[in-house]
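# Tertiary structure, described
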Amino acid sequence: MGRNSICNSLLRSKHMNSIVDEYVSYLQNIGLKTFQIILKEGGPSSLNSRLEMKKYIDKFEKCFNELDLLEQDIIFNDYIEKKDGFWWMEFFSQATYYRLKDKTIIHFLDIWNK
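Here the structure is a predicted model, which means the values were calculated and not measured.

### Things to note about the overall build of the chain
Helix and strand counts for the chain come out as four helices and zero strands. Taking all contacts inside the chain whose residues are at least 6 apart in sequence as the whole, residues at least 24 apart take part in 65%. With the model as given, the accessible surface of the chain reaches about 7600 Å², and the carbon-plus-sulfur share is 56%.

### Here we look at helix α4 (residues 94-112)
Helix length check: α4, at 19 residues, gives a terminal C-alpha distance of 27 Å against a target of 27 Å (1.5 Å per residue), a fit within 8%. Among the residues making up α4, those that are buried are Y97, L100, K101, D102, T104, I105, F108, L109, I111 and W112.

### What to know about the side chain of D78
Its place among the elements puts D78 in helix α3 (residues 69-80). In terms of polar contacts, D78 uses its side chain to reach the side chain of Y97, at 2.2 Å. Filtering out sequence-adjacent residues up to four positions away, D78 remains in contact with W87, Y97 and K101.

### Digging into the nonpolar core
Note on soluble globular proteins: their nonpolar side chains tend to be buried together. Ranked by internal contacts, the top residues of the largest apolar core, which has 17 residues, are M16, I19, F60, I75, F108 and W112. Secondary structure elements with two or more residues in this core: α1 (3-32), α2 (35-66), α3 and α4. Those residues in contact with W112 that sit more than four places away from it in its chain are I19, Y56, K59, F60 and C63. The next biggest cluster of nonpolar side chains, apart from the first, holds six residues, and it includes I74, W87, W88 and Y97.

### Some points on the packing of aromatic side chains
Summed over the entire model, instances satisfying the criterion amount to twelve aromatic pairs. Members of the aromatic cluster, each reached through a chain of ring pairs, are F86, W87, W88, F91, F92, Y97 and Y98. The ring centre of W112 lies 4.2 Å from the NZ or CZ of K59, which sits over that ring.

### Topic: the confidence of the model for the chain
Mean pLDDT over the chain stands at 78; residues scoring 70 or higher make up 75%. Every residue in residues 32-44 scores below 50 in pLDDT, and together they form ten contacts with partners more than four places removed in sequence or on other chains.

### Examining unusual backbone geometry
In this structure, K82 is a non-glycine residue whose phi angle is positive, near 55°. Looking at the element boundaries, K82 is found in the loop between α3 and α4.

### Remarks on the pattern of salt bridges
Counted by the stated rule, this structure contains six salt bridges. Between D102 and R12 there is a salt bridge; the shortest N-O distance is 2.7 Å. Linking D102 in helix α4 with R12 in helix α1, this pair joins segments that are 90 residues apart in sequence. K62 is paired through a salt bridge with E66; the nearest N and O atoms lie 2.8 Å apart. Of this pair, K62 and E66 both sit in helix α2, four residues apart, which is roughly one turn of the helix.

Reading the values: rules and limits
Residues numbered from 1 in each chain as written. Predicted model: local features only at pLDDT ≥ 70, side-chain atom pairs only at ≥ 80, totals over all residues. Heavy atoms only, no water. Helix = DSSP H or I, 4+ residues; strand = E, 2+ residues; numbered from the N terminus. Contact = heavy atoms within 4.5 Å. Areas by Shrake-Rupley, 256 points an atom, 1.4 Å probe, with all protein chains shown as cover. Expected span 1.5 Å × (residues − 1). Buried < 20%, exposed > 50% of the residue type's maximum accessible area, 1.4 Å probe, protein only. Polar contact = N/O pair within 3.5 Å; in protein donor to acceptor, adjacent residues only side chain to side chain. Core = buried A, V, L, I, M, F, W, Y, C linked by side-chain atoms within 4.5 Å. Phe/Tyr/Trp six-rings, centres within 6.5 Å; stacked < 30°, edge-to-face > 60°. Lys NZ or Arg CZ within 6 Å of the ring centre and 35° of its normal. pLDDT = per-residue confidence, 0-100. Salt bridge = Lys/Arg side-chain N within 4 Å of Asp/Glu carboxyl O.

Below, the structure is given as structure tokens:
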């Protein structure tokens, strides 16, 4: 694997991390408040913020659901659950895992950017 390929792979992985971190943050935020509490606390701007979070969550879940099961496992274990770095060892060789992970991230980001 060439240096540019490794750099591109790292950039894609960082982008994936930021998408998932925001998704998880929004899920936690939405889970903590109801519409009534938001309206009392911050008025319409908070409601708009909540609706934007909901749109983001829906977009993430739509993209996630378009992945095949193996790709979903990789995204779930690496980015959502953030399992230990070697969860994949009983399923794949290191080379296969990293190839599949990179392919998965590219696929997810392609769907995300449609």
